[in-house]
Amino acid sequence: MRPTPPIEPDQPPHCLPGSGRARPLPPDERRAALIAATLPLVGEHGIKVTTRQIAEAAGVAEGTIFRVFPDKQALIQAAVAAALDPEPVYAEFAAVDLSLPLRERLIQVTTIIQRRLIRVINLVTAVGLNGPPPNREEHRARVRPTNERIQAEVARIIEPDRDQFRCTTQEVARLLRLLVFSGSHPMINDDDPLSAEQIVTVLLDGLRHRTEPS
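Described in the following lines is the structure provided in the data block.

Rules used in this analysis
Residues numbered from 1 in each chain as written. Predicted model: local features only at pLDDT ≥ 70, side-chain atom pairs only at ≥ 80, totals over all residues. Heavy atoms only, no water. Helix = DSSP H or I, 4+ residues; strand = E, 2+ residues; numbered from the N terminus. Buried < 20%, exposed > 50% of the residue type's maximum accessible area, 1.4 Å probe, protein only. Contact = heavy atoms within 4.5 Å. Areas by Shrake-Rupley, 256 points an atom, 1.4 Å probe, with all protein chains shown as cover. Patch = residues over 30% accessible without salt bridge, like charges linked within 9 Å, V, L, I, M, F, W, Y side chains within 5 Å. Salt bridge = Lys/Arg side-chain N within 4 Å of Asp/Glu carboxyl O.

**So, the overall build of the protein chain**
Line of reasoning, step 1. Across its full length, the protein chain carries 9 helices and 0 strands.
Line of reasoning, step 2. Going from the N terminus to the C terminus, the protein chain shows its helices and strands as α-α-α-α-α-α-α-α-α.
Line of reasoning, step 3. Taken over 214 residues, the protein chain has a buried fraction of 31%.
Line of reasoning, step 4. Of the contacts made within the protein chain by residues no fewer than 6 positions apart, 59% connect residues no fewer than 24 positions apart.
Line of reasoning, step 5. Accessible surface for the protein chain amounts to roughly 14000 Å². Of this, 54% is attributable to carbon and sulfur atoms.

Now the structure itself:
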C-alpha cells in the first residue's frame, strides 16, 4: 500500500492532498465550520443565500449541510445565534491588559463592543429582524444579563482609575455602552459612525475647549 502523500503547506489543513475537497471533520467542528462560512454570506445576501454558496464557502459538498442541519433555515438560525453569543466578547475583555493607560484600555474595550454590535446589527438587518421586537419587555429581559455582564466587565477594566471619574465605574460603563450604540447604529449616526477613539474622547474629555484656570 502506498503511503498517503503529505499535505502541502499552502493547502487548508482540513483538505485532502490533490482533491481540493474537505477531509471529514468531527461533528462539532463540521457544524462550527458551516456556521462560520454562513455568517458572512448571510450578511451579504440575507436569507436568499443558497446552500450551494454556503457549501462552496465551507469547502464541502452541498449534501453535507443537510447531514448537520435539517434545512437552510436551521443553519441560518444557528449562525444568528452564534453571532449573538457573548462568550467571545467576554474572552476579549479578559485579555485586556489592566496595566495600560486608561485611555488605551477604553479604546480597546470600545473596539470590542463596537465590533460585536456592528456585526449583530448587520446580521439581523440582513435576515429581516431589524424592526422592534414584538414583546419589548420579553426582549429586555432576554438581553439584560448580557448587557449587565458587559457593563460589569467594563467597570472591572477601568476600576484601577476609578478616582478619575465623578461617578461610579458602573455608570461610566453604562454611558460608554449607550455612546457605542448610538455612535454605531446606522439609523442613528446618519451612516457616519463614530470611531472608538471619538467615543472615548467624548466620554473622557467632553466637547468643550479646556481653559486654564485664571
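**Details of a nonpolar patch on the surface**
Line of reasoning, step 1. A cluster of nonpolar residues, Phe181, Met187 and Ile188, forms a patch on the protein surface that exposes about 340 Å² of accessible area.
Line of reasoning, step 2. Tracing the chain through its elements places Ile188 in the loop between α8 (169-184) and α9 (196-205).
Line of reasoning, step 3. Here Ile188 falls in the partly exposed class, since its relative accessible area comes to 43%.

**With respect to unusual backbone geometry**
Line of reasoning, step 1. Although it is not a glycine, Asp190 adopts a positive phi angle of roughly 55°.
Line of reasoning, step 2. Checked against the element boundaries, Asp190 lands in the loop between α8 and α9.
Line of reasoning, step 3. Located in the positive-phi region is Asp191, a residue other than glycine, with phi close to 60°.
Line of reasoning, step 4. If you trace the backbone, Asp191 turns up in the loop between α8 and α9.

**Concerning the pattern of salt bridges**
Line of reasoning, step 1. All told, the structure shown has 9 salt bridges when counted by the stated rule.
Line of reasoning, step 2. Ionic pairing is found between Glu92 and Arg115, a salt bridge with its closest N-O pair at 2.4 Å. Of the two residues, Glu92 is situated in helix α5 (residues 87-94) and Arg115 in helix α6 (residues 102-126); the sequence distance between them amounts to 23 residues.
Line of reasoning, step 3. With relative accessibility at 41%, the residue Arg115 sits in the partly exposed group.
Line of reasoning, step 4. Glu138 is the partner of Arg142 in a salt bridge, and the nearest nitrogen-oxygen pair spans 3.8 Å. Here the residue Arg142 and the residue Glu138 both occupy positions in helix α7 (residues 136-158), the gap between them amounting to 4 residues, near one helical turn.
Line of reasoning, step 5. Take Glu138: its relative accessible area is 48%, and that puts it in the partly exposed class.

Interpretation in functional terms is not warranted from these geometric data alone.
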